[in-house]
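Listed here are the chains, written in short residue letters.
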Amino acid sequence: MNFDGKQILSTFVKMEEEVSKYYAEMAKIAPDEKSKALFERLSLEEDKHNKMYSKLLEKHGGDMNREFSEEEIEYTKSLIDENINQKHEFDKEKKFSDSLEMAERMEKDGILFVHQMMEMYPDIAQKEMKVILREEKLHLQQVRERMNFGTLRSLGL
């Protein structure tokens, strides 16, 4: 079956834009300076990813129609659909810890997406994709560290 990978890159562009905005909002309500600094930095890095994906879409967008198994296409479409349907709406009424859980989920989704892109299109932007993958993994680690810090603080440790 044919699949146009332009759909993946288009989703990346939108996803990174949304995540960048989300992190900027989280920085505004952060309960401490370290959390504020973390989310300001993450917002800037996701914005950088957005620009990288936009350039890749311009460069390779017309050259990504390929043949894949039905299973591969269905999995990829489910990643795209879930991402589009799963609104990362920012709710200022939410506790900061809930927002951190949302951030963790967004970073995990990003990692899954990058892995899928690299597997399906190994000839497209491997260097860039490896950089983004490394950064997304680091983001996940940093978000988890903030989550653990909050837990320790609430326990009085």
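Residues numbered from 1 in each chain as written. Predicted model: local features only at pLDDT ≥ 70, side-chain atom pairs only at ≥ 80, totals over all residues. Heavy atoms only, no water.

Q: What's the story with the overall build of the protein chain in this structure? I'm lost.
A: What the protein chain contains, in helices and strands, is five helices and two strands. Going from the N terminus to the C terminus, the protein chain shows its helices and strands as β-α-α-β-α-α-α. Burial analysis of the protein chain (157 residues in total) assigns 45% to the buried set. Of the contacts formed within the protein chain by residues at least 6 apart in sequence, a portion of 84% connects residues at least 24 apart. Just so you have it, the protein chain exposes about 8,900 Å², and 51% of that area is on carbon and sulfur atoms. (Helix = DSSP H or I, 4+ residues; strand = E, 2+ residues; numbered from the N terminus. Buried < 20%, exposed > 50% of the residue type's maximum accessible area, 1.4 Å probe, protein only. Contact = heavy atoms within 4.5 Å. Areas by Shrake-Rupley, 256 points an atom, 1.4 Å probe, with all protein chains shown as cover.)

Q: Can you help me understand helix α2 (residues 33–60) in this one?
A: Since the α-helix turns once every 3.6 residues, residues separated by three or four places project in the same direction. If you check α2, its first and last C-alpha atoms are 40 Å apart, about what 28 residues at 1.5 Å a residue would give, namely 40 Å. Every buried residue of α2 is listed here: Ser35, Leu38, Phe39, Leu42, Ser43, Glu45, Glu46, His49, Asn50, Tyr53, Leu56 and His60. N-capping of α2 is provided by Asp32, with a side-chain oxygen placed 3.2 Å from the backbone N of Lys34. (Expected span 1.5 Å × (residues − 1). Polar contact = N/O pair within 3.5 Å; in protein donor to acceptor, adjacent residues only side chain to side chain.)

Q: Help me understand the nonpolar core, please; the structure alone is not making it clear to me.
A: Formed by 40 residues in total, the largest nonpolar core has its most connected members in Phe12, Tyr23 and Phe39. Among the elements of the structure, α1 (6–29), α2, α3 (70–85), α4 (96–120) and α5 (126–154) are those that each provide at least two residues to this core. (Core = buried A, V, L, I, M, F, W, Y, C linked by side-chain atoms within 4.5 Å.)

Q: Would you mind going over the packing of α1 against α2 with me for this structure?
A: Describing two packed helices takes the angle between their axes plus the distance from one axis to the other. In the contact formed by α1 and α2, the axes pass within 8 Å of each other and the chain directions differ by 160°. Judged by the angle between their axes, α1 and α2 are roughly antiparallel. For the pair α1 and α2, the sense of crossing is left-handed. Taken together, the residues of the contact of α1 with α2 sort by class into 13 nonpolar, six polar and seven charged. (Axes fitted to C-alpha atoms, helices over the stretch in contact; angles between N-to-C directions. Parallel < 35°, antiparallel > 145°, perpendicular 65-115°, else oblique. Left-handed = near helix turned anticlockwise from the far one by under 90°. Nonpolar A, V, L, I, M, F, W, Y, C, P; charged D, E, K, R; others polar.)

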